[in-house]
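# Chain and residue survey
Here is how the chains run, residue by residue.
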Amino acid sequence: MRLTDLPRTTSFRLSVLFLGLFGASSAAFCGFLYWQATSYLNSSVDHWIQRDSVMYLTAPWDIVPRLTTHAERDPDAWRPFALFDSSGRFIAGNLHSLPERPVAFGRYFEYELKRRGKDTPFRGVGYRMPNGDILILSYNVNEIYGFKHLLLDSMAWGGILVFGIGIAGAVITALGAVRQINGITGAVERIVTGNLRERLPTRRGAGDLDRLVHLVNGMLDDIERLMREVKGVTDDIAHDLRTPLTRLLGGLERARRRTTSAEEYARAVDAAIAETKAVLGTFSALLRIAEVEDGARRAGFMRIDLGRIAADVVEFHAPVAEERGVTLSFDPESPSLTQMSGDPSLLFEAISNLVDNAIKFSPIGGSVRVRTFSTKGRIGVVVSDNGPGIPAHEREAVLRRFHRLEKSRHTPGSGLGLSLVAAVAKLHGLTLSIDSSFPGSCVTLERDSPLHVPLAAPSVPGNAARDEAEARAVSTSV
Amino acid sequence: MTRVLVVEDDAQTAAEIAAALGDHGFEVECAYNGQEALDRAVADRYSAIVLDRMLPGGIDGLAVLSTLRGLSVDAPVLILSALSAVDERVRGLRAGGDDYLTKPFESLELTARIEVLLRRRSASDRQTMLRVGDLEVDLLKREVKRGGRAIDLLPREYRLLEYLMRHPGQVITRTMLFEEVWSYRYDQRTNVIDVHMGKLRRKLDEGGLPSMIQTVRGSGYILRAPD
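Please read these numbers as outputs of a predicted model, since none were measured by experiment.

### Focus: the overall build of chain B
Across its full length, chain B holds 8 helices and 12 strands. By residue count, 40% of the 227 residues in chain B fall in the buried class. Here the contacts in chain B between residues at least 6 apart in sequence split such that 57% fall between residues at least 24 apart.

### What to know about the packing of helix α6 (residues 155-166) of chain B against helix α8 (residues 192-204) of chain B
Residue and element names in this part refer to chain B. At a minimum axis separation of 10 Å, α6 and α8 run at an interaxial angle of 85 degrees. As summarised for this structure, α6 and α8 are arranged roughly perpendicular, according to the angle between their axes. Residue-level contacts link Arg156, Glu157, Leu160 and Leu161 of α6 to His196, Met197, Lys199, Leu200 and Lys203 of α8. Of the residues that constitute the contact of α6 with α8, the class distribution is 4 nonpolar, 1 polar and 4 charged.

### Some remarks on the packing of helix α6 (residues 306-324) of chain A against α8(B)
Two elements in contact, α6(A) and α8(B), have axes whose closest approach is 8 Å; the angle formed by their N-to-C orientations is 75 degrees. With respect to each other, α6(A) and α8(B) are oriented roughly perpendicular. Of the residues in α8(B), those in contact with Phe316(A), His317(A), Pro319(A), Val320(A) and Glu323(A) of α6(A) are Val192(B), Val195(B), His196(B) and Lys199(B). Considered class by class, the residues forming the contact of α6(A) with α8(B) number 5 nonpolar, 2 polar and 2 charged.

### Comments concerning the nonpolar core
Ala350(A), Ile351(A), Val355(A) and Val424(A) are the most contacted members of the largest nonpolar core, which has 68 residues in total. Ranked by residue count, the leading element in this core is helix α7 (residues 344-361) of chain A, at 10 residues. Formed by 30 residues, the second largest nonpolar core is a distinct cluster that contains Leu5(B), Val6(B), Ile49(B) and Leu110(B).

### With respect to the confidence of the model for chain B
This prediction gives chain B a mean pLDDT of 88; 96% of its residues lie at or above 70. Here the prediction assigns the complex a pTM of 0.64, and the interface score ipTM is 0.87.

### Regarding the sheet that holds strand β5 (residues 99-102) of chain B
Residue and element names in this part refer to chain B. Judged by pairing direction, the sheet is parallel, and its 5 strands sit side by side in the order β2-β1-β3-β4-β5 without closing on themselves. The two strands at the open ends of the sheet, each matched to only one other strand, are β2 (27-31) and β5. Pairwise comparison of adjacent strand axes, ignoring direction, gives a mean angle of 20 degrees for this sheet. As paired elements, strand β1 (residues 3-7) and strand β3 (residues 48-52) share 4 bridges and run parallel to each other. Following the sheet pairing, Val6 is matched in β3 by Val50. Docked against the sheet, helix α2 (residues 34-43) engages β1, β2 and β3, running at close to 140 degrees with respect to β2. Most of the contacts of helix α3 (residues 61-70) go to β3, to which it runs at about 150 degrees, and overall it touches β1, β3 and β4 (77-81).

The rules we used
- Residues numbered from 1 in each chain as written.
- Chains lettered and ligands numbered in written order.
- Predicted model: local features only at pLDDT ≥ 70, side-chain atom pairs only at ≥ 80, totals over all residues.
- Helix = DSSP H or I, 4+ residues; strand = E, 2+ residues; numbered from the N terminus.
- Buried ≥ 20, exposed ≤ 12 C-beta atoms within 10 Å, placed from the backbone.
- Contact = placed C-beta atoms within 7 Å.
- Axes fitted to C-alpha atoms, helices over the stretch in contact; angles between N-to-C directions.
- Parallel < 35°, antiparallel > 145°, perpendicular 65-115°, else oblique.
- Nonpolar A, V, L, I, M, F, W, Y, C, P; charged D, E, K, R; others polar.
- Core = buried A, V, L, I, M, F, W, Y, C linked by C-beta atoms within 7 Å.
- pLDDT = per-residue confidence, 0-100.
- Pairing = 2+ DSSP bridges.

Rendered as structure tokens:
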């Protein structure tokens, strides 16, 4: 942005607008002040003239001698008093010709005379006497004029100063804004051209623009993370889907080349079906995670009890644990304390994934413990085991799609389980944390207790939600 | 013979569905858009309708469904959809659908669900005793006996057995069991249900009796009296 663009900036325009408003109100104020001051000063002069005129007018027969005396006392005519006949000829006094300005009788007027080589202001009044003569009484108002000029000058200078400072302030503010906007546009242009690491320049201030910058930077962090994730996911999909697809293709080609009997064909087809199912399973798992992350599933939210779902999960997995020789125990909190709003199927699936993992990686004779809790305004569920645990440096990574610990590469599973858990947790406002205490790991899903939060009504008050709730009520009674 | 109308705009998918249902023993007719589906379903009586959610030409699956229900066509309708979101499902069921299946699906899943829909209407809910072969379930006392011998089942095993007993001789898939017995809805890909079924099967077959629950193609179960 160039300097000529300055007047186009909002801050400059605002400053000028306020300067204008301030200037107009100051001008009005000064005008009023000026008017008040001058009328006060004039009225004191008028008062003196008034006193003299009473003296002259009440004794018209005495005017000429009085004026003569006055002229003798005031030869320089600083107080010009004079009488003229009706045609304007001088009769007596110390003002020898009528003022150039026409005289409105009985009204105060101002005029100028040369005194000591300078134009000097006078204020006076003219009267028409009963015989037609004209009486002029006036006072020198040089000091009042001086004061008025001083007042006007100081107001003008003050105005110029204020205007100058105001414009300078506007320019400085606008320059600051322009510099920041230039910084921001530059950063945005670099981001648009592909440098996602770039951030908008921040300042220490807490102005509205700075708050916006912080907000946008937070958003950019999210975008950068998402872009990285998308790239990671694309790589992972390429890897994890290419493998089964390669196997599928290889199997089919081999069947085509070598197979001779119907049974062999059937076997090859079965193998191909199994591979295809695995690929489809991976795909639908990915789609589900995307759907959950999208937040669309909130439509299925209803009032649920985390403890009930955890109990169902434990009951669901109990036979498998038993079969593997793993002790699966459940330690419930009082059901009234673990209520929240959520999607029961998703929460079941998430907790189920955790329990399934814990059982899968527990040694024979190990134990898996599921616990729901409500303490210090937090509610949640904890799944802990005494298996090998997750190394500290892998704890972030396990939440990524397809990530599998090196040790678990040879066990079945898509590596999507924990990312689904993470997505479900995020959808429900639950924090997912993984602690590893050797031996074993401990996964916690927790959130602030929503006890005082009104239940978010499902946006589709459908039959399915009600059916599901009823079905669940039935299953408790069994 | 059971006649099923398949409404699906993609000809190849329609042919696959028709083939799967045909192999199962149904007589299948296909419609490829909403208008055709309406014409056929109103003109003819079908035992069941398989309806794709997305159809070209203005009348989509849900519109077809609500129109049919408005015309008192009460054949059971299974909705097929590529949309798995929960509110899509709810919308489908509210429009008058009886079941909802997300693409892609296995043919076994489709035929099993249609079988259950077909027989749901005929089965009476007022039964108090279910019998298959020498196995009997007293629904009031919640007692299970095989050949007069009482079998002690856990609540969940009882519910699994009750569901299978209500549909004897029909294929029930793992997903159907999970939805019906656990009341949660998602694609269960673990073998946990197999383990539950294994335990139930062992309890039923205790004492060397011939097995009553058979596994079908790896993903379904069928309960029938042993020959």
